[in-house]
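Results of the structural survey
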Amino acid sequence: MRRRTVLTAAGAAVAMLALRGAASAQETMKIGLILPMTGSFASTGRQIEAAAKLYMQQSGDTVAGKKIQLIVKDDTGVADVTKRLAQELIVNDKVGVIAGFGLTPLALAPAPLATQAKVPAVVMAAATATITEASPYIVRTSFTLPQATVPMADWASQNGIKKVVTLVSDYGPGIDAEKAFSGAFGAKGGQVESLRVPLANPDFSPFLQKVADAKPDALFVFVPSGVGAQFVERGLDKSGIKLIGPGDVTDDDILNGMGDVALGAITTQHYSAAHDSPENKAFVEAFKKANNGMRPNFMAVGGYDGMHLIYEGLKKTNGAGGEALINAMKGMSWMSPRGPVSIDPQTRDIIQNIYVRKVERVNGELYNVEFATIANVKDPVKAAKSN
Ligand code: PHB
């Protein structure tokens, strides 16, 4: 009799422990952050990881009763690796959200997994317009190249620029930028000649020679974040031609190291570390403080806002993930360090201001200084489809 009581008590203790284990698993919301932490695009990984961690440090690690756990994985910038890591995170780690995605091919590779598993995928970096169409579970907090580029074409045609050579990295976002620019600038009577450079280890010199020979009024450039310094070093100063483009080429992570050759470049984009708002001043100061003085770039703000979207979505669903979470994210609006933003409920892309900026020296450092704002810009590629 006595022995039986002891056994029953032991059994109950085991059962309780098992239950507690299950409950604590449910009380954790894991976020798998997949980024290029090594390789040519490591600056994107470093910026986004730092921003996501800053957001958690400022906002706490509990949302709607769930403990938030960030799992950072390095895909080295290789799409097959991104896909394998996404699979492992979803199946083994049971993450409720996958996020990050430093380049377009890295965002596209895991899209079918997000759909199958009904796991929201927050694209914090990649910027080819079509990405959000690859899965109804994808939502984006970065930007699209056409969104940033059409305002550049408008500015160029309004400012006496008649002939432009476009030079873009030969893959999704570069082709998006080229098409958006030549379409919008051509429609206003501008003349465009287009060149494409390989994404991997580009040698810019022969292309810059072609640009010099064409004698355009401006050179429009898209290279992904982190590559702009290489481009500028390889002879832009010798060409003496005005540099314009979406803001990736004068990205805040590398801009200050480019030197005077970058001065005067006109770009259009959604974020500058010099953006003049109380939210951005606080963000830049906290980011630098937490990261040995590193200046946040537009990738960082995509990561920071991506975390905000996950946190606010979870608050709305009371901690539920899956379809409820992606639905909760649609239509959400907030004040970002970049300015006011919202998630387009139809496309799951971000609607945001695009700023026209000029590289200037401010207190001894190079910055993209904003001088005009185009408010609430939607991705024009999807806007045109829905008309
Ligand atoms: C992309 O691959 O989608 C991408 C990467 C870096 C950028 C912009 C777009 O700066």
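Residues numbered from 1 in each chain as written. Predicted model: local features only at pLDDT ≥ 70, side-chain atom pairs only at ≥ 80, totals over all residues. Heavy atoms only, no water.

In this section: the site of the ligand. Lining the immediate surroundings of the ligand are 14 residues, of which Thr104, Ala127, Tyr171, Ser225 and Asp248 lie closest. At 2.8 Å from an oxygen atom of the ligand is found a main-chain nitrogen or oxygen belonging to Ala127. Contact with the protein chains hides 99% of the accessible area of the ligand, taken as 280 Å² for the molecule alone. The class makeup of the residues in the shell around the ligand is 9 nonpolar, 4 polar and 1 charged. (Near = heavy atom within 4 Å. Polar contact = N/O pair within 3.5 Å; in protein donor to acceptor, adjacent residues only side chain to side chain. Areas by Shrake-Rupley, 256 points an atom, 1.4 Å probe, with all protein chains shown as cover. Nonpolar A, V, L, I, M, F, W, Y, C, P; charged D, E, K, R; others polar.)

Within the secondary structure, Phe222 sits in strand β9 (residues 218-222). What makes Phe222 buried here is its relative accessible area of 3%. Sequence spacing of Phe222 and Val63 is 159 residues, and the spatial spacing of their C-alpha atoms is 38 Å. (Helix = DSSP H or I, 4+ residues; strand = E, 2+ residues; numbered from the N terminus. Buried < 20%, exposed > 50% of the residue type's maximum accessible area, 1.4 Å probe, protein only.)

Moving on: the sheet that holds strand β2 (residues 62-63). Pairing is mixed in the open sheet, where 6 strands are placed in the order β2-β3-β1-β4-β5-β6. The open sheet terminates on both sides in strands that have one partner only, identified here as β2 and β6 (138-140). With 3 bridges connecting them, strand β4 (residues 97-100) and strand β5 (residues 121-123) associate as parallel partners. Of the residues in β5, the one forming a bridge with Gly100 is Val123. Helix α2 (residues 42-59) rests against β1 (28-35) and β3 (66-74) of the sheet, and its axis sits at about 160° to β1. (Pairing = 2+ DSSP bridges. Contact = heavy atoms within 4.5 Å. Axes fitted to C-alpha atoms, helices over the stretch in contact; angles between N-to-C directions.)

For an α-helix, 3.6 residues make a turn, and residues three or four places apart therefore share a direction. The terminal C-alpha atoms of helix α12 (residues 278-290) lie 18 Å apart, and with 13 residues this matches the ideal 18 Å at 1.5 Å per residue to within 8%. Of the surrounding elements, those touching the buried residues of α12 are α2 and α13 (298-317). Where α12 ends, the next residue or the one after it, Asn292, has phi of about 50°, a positive value. (Expected span 1.5 Å × (residues − 1).)

Its location among the elements puts Asp344 in the loop between β13 (339-343) and β14 (350-362). Sequence spacing of Asp344 and Lys330 is 14 residues, and the spatial spacing of their C-alpha atoms is 6.4 Å. Among the polar contacts listed, one links the side chain of Asp344 to the backbone nitrogen of Gln346, at a separation of 2.9 Å. Among the polar contacts made by the side chain of Asp344, one reaches the side chain of Thr347 at a distance of 3.3 Å.

Where side chains of opposite charge bring their charged atoms close, a pairing between them can arise. In total, this model carries 18 salt bridges according to the counting rule given. Its salt-bridge partner being Glu88, residue Arg84 comes within 3.3 Å of it at the nearest N-O pair. Here the residue Arg84 and the residue Glu88 both occupy positions in helix α3 (residues 79-91), the gap between them amounting to 4 residues, near one helical turn. The exposure class assigned to Glu88 is partly exposed, which follows from its relative accessible area of 30%. The salt bridge involving Asp379 is made with Lys382; its shortest N-O contact spans 2.9 Å. For Asp379, a relative accessible area of 5% puts it in the buried group. Bridged by salt links that share partners, the residues Arg140, Asp349, Asp379 and Lys382 form one connected network. (Salt bridge = Lys/Arg side-chain N within 4 Å of Asp/Glu carboxyl O.)

Take the pairing of β3 next. Looking at chain direction, β1 and β3 are connected through 8 bridges and run parallel. The partner of Met29 across the bridge, within β3, is Ile68. Both β2 and β3 contribute to a ladder of 2 bridges, which runs antiparallel. By the bridge assignment, Thr62 is partnered in β3 with Lys67. Count of turn residues in the β2/β3 antiparallel hairpin: 2 residues, of which Ala64 carries a positive phi of about 50°.

For a regular strand, side-chain orientation follows a simple rule: the groups alternate between the two sheet faces. For strand β7 (residues 163-169), the tally of buried residues reaches 6 of 7 residues, placing the bulk of the element in the interior. Across 7 bridges, the pairing between β7 and strand β8 (residues 191-197) is parallel. Looking at β8, one finds that Val165 is bridged to Glu193. After leaving β7, the chain enters helix α7 (residues 172-187) and then returns to the sheet as β8, a path that is right-handed. Taken together, the 5 bridges between β7 and β9 define a ladder with parallel strand orientation. Looking at the pairing, Val164 lines up with Ala218 of β9. (Right-handed = clockwise from strand over helix to strand, strands pointing away.)

All we've got here are geometric facts, nothing functional implied.
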